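Descriptive analysis of the structure
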Amino acid sequence: MSTLRAVDNLPNIVLVMADDQGWGDMAYNGHPHLKTPNFDAMAKEGVRFDNFHAAAPVCSPTRGSVLTGRTPNRYGVFQWGWPLRPQELTLAEALKQADYRTGHFGKWHLGSVRKDQPTSPGAQGFDAWVSSPNFFDLDPILSERGKATQFQGDSSDITADLAIQFIKESVEKEQRFVAVVWFGSPHNPHKALKADRELYADLPKNAQDFYGEITAMDRAFGRIRDTLKELGLRKNTLLWYYSDNGALPKIGSTGGRRGNKGAVYEGGLAVPALLEWPAKFPEPKVITEPCVTSDIFPTLLDITDLEPDKSRPLDGVSLMPLLEGTVKKRSQPIGFWDSPIRGIGTPAKQWMEEQMAAEKEGREPTPEPQAFAEAGQIKEHFAPQKYPGHSAWLDGNWKLHRMEDPKTGAVSWELYDLANDPDESRVLLAEQPERVPQMQEALERWLESVAKSLNGGDYVDKP
């Protein structure tokens, strides 16, 4: 591996994502109870994003944005459980062009984790993968390149162990690597180990389990970080952490923002995010400009000097200019569009138990949802100028909301100044007569572009 680095100095890449951790679910962001010493240490030593967003207010769509750099409705991942289209060019496929070994570990939730399926991690460019169709808890059954395998212990510890094994194997193979590490915590139902619960013994049982899961995730993340240091990889490894959507209602913390998971208001989109790459950014820094999970893909293309596919519009931008300090403002606004299409149930525990039983009995497991098999079929979902659901346009501190009733087609608008109204409580449409039409036009142009992609406009040249 040292030989490879001497030639081109490209970093190793580790992308770590939580499942349902809100912006305020971190000790470093002021949580009154949580203990997150490893996250806190990285927040002090690395890059802290204070205005980072998930591309969608629920899990699967955001996961797709990390892999594609695109907003979820472009590739048909409308809500939880929808599969990623096989036609999409993923981060794993792109980085192979720069000789990266690719691995996925943990929650997938973008289609199948069965062998030889077009929506599996393997079909989307991952060389090694041990994955779950959805969130997973204690003692899970996971899919090891399509084979159901029983594991013991906390889900975050298991996920970290798998990632660490992959990193060590990559070092032995003298290959640079990208490890996509997607924890299954702190998603419901919350089931923490006894030792992790005991840290919060003076709190109600549900809080003990929820906070205990986050503490376990912090510990697992710390072990990945420590492993990079022990192997002499930390300096030239880009380690990036974030969550897939905003805080859970009732128990999670939005840091005072409006809404929760499932909402296009800031409480459903704002997430904690940290980055470190000591070789490039040796001093700690804080990024306050709006950023989004769709930025990860173009940032990594920029770092590895790979050209984006110009036939497929990206919604994210490279954050390197912001990180390097050559610019102070984001280069383009961020669009969000939460469609009213229903999610697809993906009961991971039930599916994996059934798959394991089928493998033992030498039979085919129960068929997966029809949407998985039809993921590559292009269907026109939205007619031009019809964009049902809740969309938004975030331009600096200004955020414009567009709500279209899927039944009547009636459209309503809201505008907020997040700099002075972070909880989105004071509508400023009347006070901004010049700003509003400009933002409305920009948002609707973007929605038209997204609908065109969804309806197959980007797939003239299929990979």
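Sequence positions are assigned chain by chain, starting from 1 and proceeding in written order. Restriction of local features to residues with pLDDT of at least 70 applies here, the model being predicted, together with a cutoff of 80 or more for giving and counting side-chain atom pairs; totals for whole chains, interfaces and linings are based on all residues. As a convention, hydrogens and water are excluded, and side-chain values are obtained from all of the structure's heavy atoms.

1. Topic: empty space enclosed by the protein
One water molecule sets the probe size; rolling that probe over the atoms shows where empty space is left. In this analysis, the protein atoms alone were mapped onto a 1 Å grid. Cavities are point sets where a 1.4 Å probe fits without being able to get out; pockets are open sets with protein on both sides within 12 Å along at least five of seven lines; lining residues have an atom within 4 Å of a point. Grid points are joined across faces, edges and corners, and a volume is the space filled by probe spheres set on the points. Evaluated as defined, the whole model comprises five cavities of 30 Å³ or more. When its volume is computed, the largest cavity comes out at roughly 70 Å³. Considered class by class, the residues forming the lining of the largest cavity number five nonpolar, one polar and four charged. In this structure, the second largest cavity occupies an estimated 60 Å³ of space. Around the second largest cavity, the lining residues are Ala55, Thr71, Val292, Ser294, Asp315, Pro333, Ile334, Gly335 and Phe336. Runs of H or I in DSSP of at least four residues are treated as helices and runs of E of at least two as strands, each being numbered from the N terminus. No other element matches the three residues that strand S13 (residues 334-338) contributes to the lining of the second largest cavity. When residue character is reported, Ala, Val, Leu, Ile, Met, Phe, Trp, Tyr, Cys and Pro are called nonpolar, Asp, Glu, Lys and Arg charged, and the others, Gly included, polar.

2. Some thoughts on the sheet that holds strand S14 (residues 389-395)
Two strands pair under a simple rule: DSSP has to find at least two bridges between them. Spatial strand order, S13-S14-S15-S16: four strands in an open sheet with antiparallel pairing. Looking at strand neighbours, the two that pair on one side only are S13 and strand S16 (411-417), the edges of this open sheet. Within this sheet the neighbouring strands show an average axis-to-axis angle of 15 degrees, counted without direction. Pairing between S13 and S14: five bridges, direction antiparallel. For helices, the fitted line uses only the C-alpha atoms of the stretch in contact; every axis is such a line through C-alpha atoms, and the angle between N-to-C directions lies from 0 to 180 degrees.

3. Considerations on helix H2 (residues 37-45)
Given 3.6 residues to a turn, an α-helix orients residues that are three or four positions apart in the same direction. Exposure classes here rest on a 1.4 Å probe applied to the protein chains alone. A residue is buried below 20% of its type maximum, exposed above 50%, and partly exposed in between. Of all the positions in H2, only Phe39, Asp40, Met42 and Ala43 are classed as buried. Seen end-on, H2 carries its buried residues on one side only, within an arc spanning 165 degrees. The exposed residues of H2 that point more than 90 degrees off its buried face are Pro37 and Lys44. Each direction from the helix axis to a C-beta atom contributes to the arc, which is the arc of those directions.

4. Let's talk about the nonpolar core
Counting 75 residues, the largest nonpolar core has Leu15, Phe49, Trp182, Trp240, Tyr242 and Leu323 as the members making the most contacts within it. Looking at this core, the element that brings in the most residues is helix H13 (residues 435-457), giving nine residues. Excluding residues within four positions of it along the chain, leucine 323 makes contact with Val47, Phe49, Leu275, Phe281, Lys285 and Ile287. The next biggest cluster of nonpolar side chains, apart from the first, holds 34 residues, and it includes Phe39, Val130, Leu162 and Ile164. To define a nonpolar core, start from buried Ala, Val, Leu, Ile, Met, Phe, Trp, Tyr and Cys residues and group those joined through side-chain atoms within 4.5 Å. By the convention used here, residues are in contact when the closest approach between their heavy atoms is within 4.5 Å.

5. Section: the pattern of salt bridges
Within this document, salt bridges are pairs made up of a side-chain nitrogen of Lys or Arg and a carboxyl oxygen of Asp or Glu, the two lying within 4 Å of each other. A full pass over the atoms with the stated rule returns 33 salt bridges. Lysine 107 is paired through a salt bridge with aspartate 19; the nearest N and O atoms lie 2.8 Å apart. With a gap of 88 residues between them, lysine 107 in strand S4 (residues 101-107) and aspartate 19 in the loop between strand S1 (12-18) and H2 connect regions that are remote in the sequence. The pair lysine 107 / aspartate 19 is uniform in exposure class, with both members buried. Taking the shortest distance from any N to any O, the salt bridge between glutamate 368 and arginine 114 comes out at 3.7 Å. You can see glutamate 368 sitting in the loop between helix H11 (348-361) and helix H12 (370-373) and its partner arginine 114 sitting in the loop between S4 and strand S5 (128-132), a full 254 residues away along the chain.

6. Some remarks on the pairing of strand S8 (residues 177-182)
Burial analysis of S8 places six of its six residues in the buried class, which makes it a mostly covered element. A two-sided burial pattern is seen for S8, the buried positions comprising Phe177, Ala179 and Val181 on one face and Val178, Val180 and Trp182 on the other. Pairing between S4 and S8: six bridges, direction parallel. The partner of glycine 103 across the bridge, within S8, is alanine 179.

7. Notes on the packing of aromatic side chains
The relative placement of two aromatic rings is captured by the distance of their centres and the angle of their planes. The rule is short: rings of Phe, Tyr and Trp, with Trp giving its six-membered ring, pair when the centres are within 6.5 Å, and they are stacked under 30 degrees, edge-to-face over 60, tilted in between. Considering all chains together, one arrives at 21 aromatic pairs under this definition. Where tryptophan 337 meets tyrosine 387, the ring centres are 5.8 Å apart and the plane angle is 90 degrees; that geometry is what we call edge-to-face. Highlighted residues: tryptophan 337 in strand S13 and tyrosine 387 in the loop between H12 and S14, separated in sequence by 50 residues. Here the two residues tryptophan 337 and tyrosine 387 agree in accessibility, since each one is buried.

8. Thoughts on the confidence of the model for the protein chain
How sure the predictor is of each residue is captured by pLDDT, a score from 0 to 100. Predicted confidence across the protein chain gives a mean pLDDT of 95, with 98% of residues reaching 70 or more. Under a pLDDT of 50 for its full length, residues 1-7 has, in the predicted model, 16 contacts with residues more than four places off or in other chains.

9. Topic: the packing of H2 against helix H7 (residues 205-230)
Closest axis-to-axis distance for the H2/H7 pair is 7 Å, and the angle between their directions is 55 degrees. It follows that H2 is oblique to H7 by the angle criterion. From H2, Pro37, Asn38, Phe39, Ala41, Met42 and Glu45 reach across to H7, where they touch Met217, Asp218, Arg219, Phe221, Gly222 and Arg225. Residues of the contact of H2 with H7, tallied by class, amount to six nonpolar, two polar and four charged. For this classification, under 35 degrees means roughly parallel, over 145 means roughly antiparallel, 65 to 115 means roughly perpendicular, and everything else is oblique.

10. Description of unusual backbone geometry
Cis geometry is adopted by the peptide bond preceding proline 186, which originates at serine 185 and carries an omega value of 0 degrees. With respect to the helices and strands, the residue proline 186 is situated in the loop between S8 and helix H6 (194-198). Following asparagine 188, the chain continues into proline 189 via a peptide bond in cis, with omega recorded as -10 degrees. Looking at where proline 189 falls in the secondary structure, it is placed in the loop between S8 and H6. A positive phi angle is found at histidine 109, which is not glycine, with a value near 60 degrees. Relative to the assigned elements, histidine 109 resides in the loop between S4 and S5. Here glutamate 174, not a glycine, exhibits a phi torsion of approximately 55 degrees, which is positive.

11. So, the packing of helix H5 (residues 155-172) against H7
Where H5 meets H7, the closest approach of the two axes is 8 Å, and the angle between their N-to-C directions is 10 degrees. In terms of axis orientation, H5 runs roughly parallel to H7. Like other packed secondary-structure pairs, H5 and H7 cross with a definite hand, here right-handed. Facing H5, whose interface residues are Ser156, Asp157, Ala160, Asp161, Ala163, Ile164, Ile167 and Lys168, H7 presents Ala216, Met217, Arg219, Ala220, Arg223, Ile224, Thr227 and Leu228. Residue classes in the contact of H5 with H7 are distributed as nine nonpolar, two polar and five charged. For a crossing to be left-handed, the near helix must be turned anticlockwise from the far one by less than a right angle; the clockwise case is right-handed.

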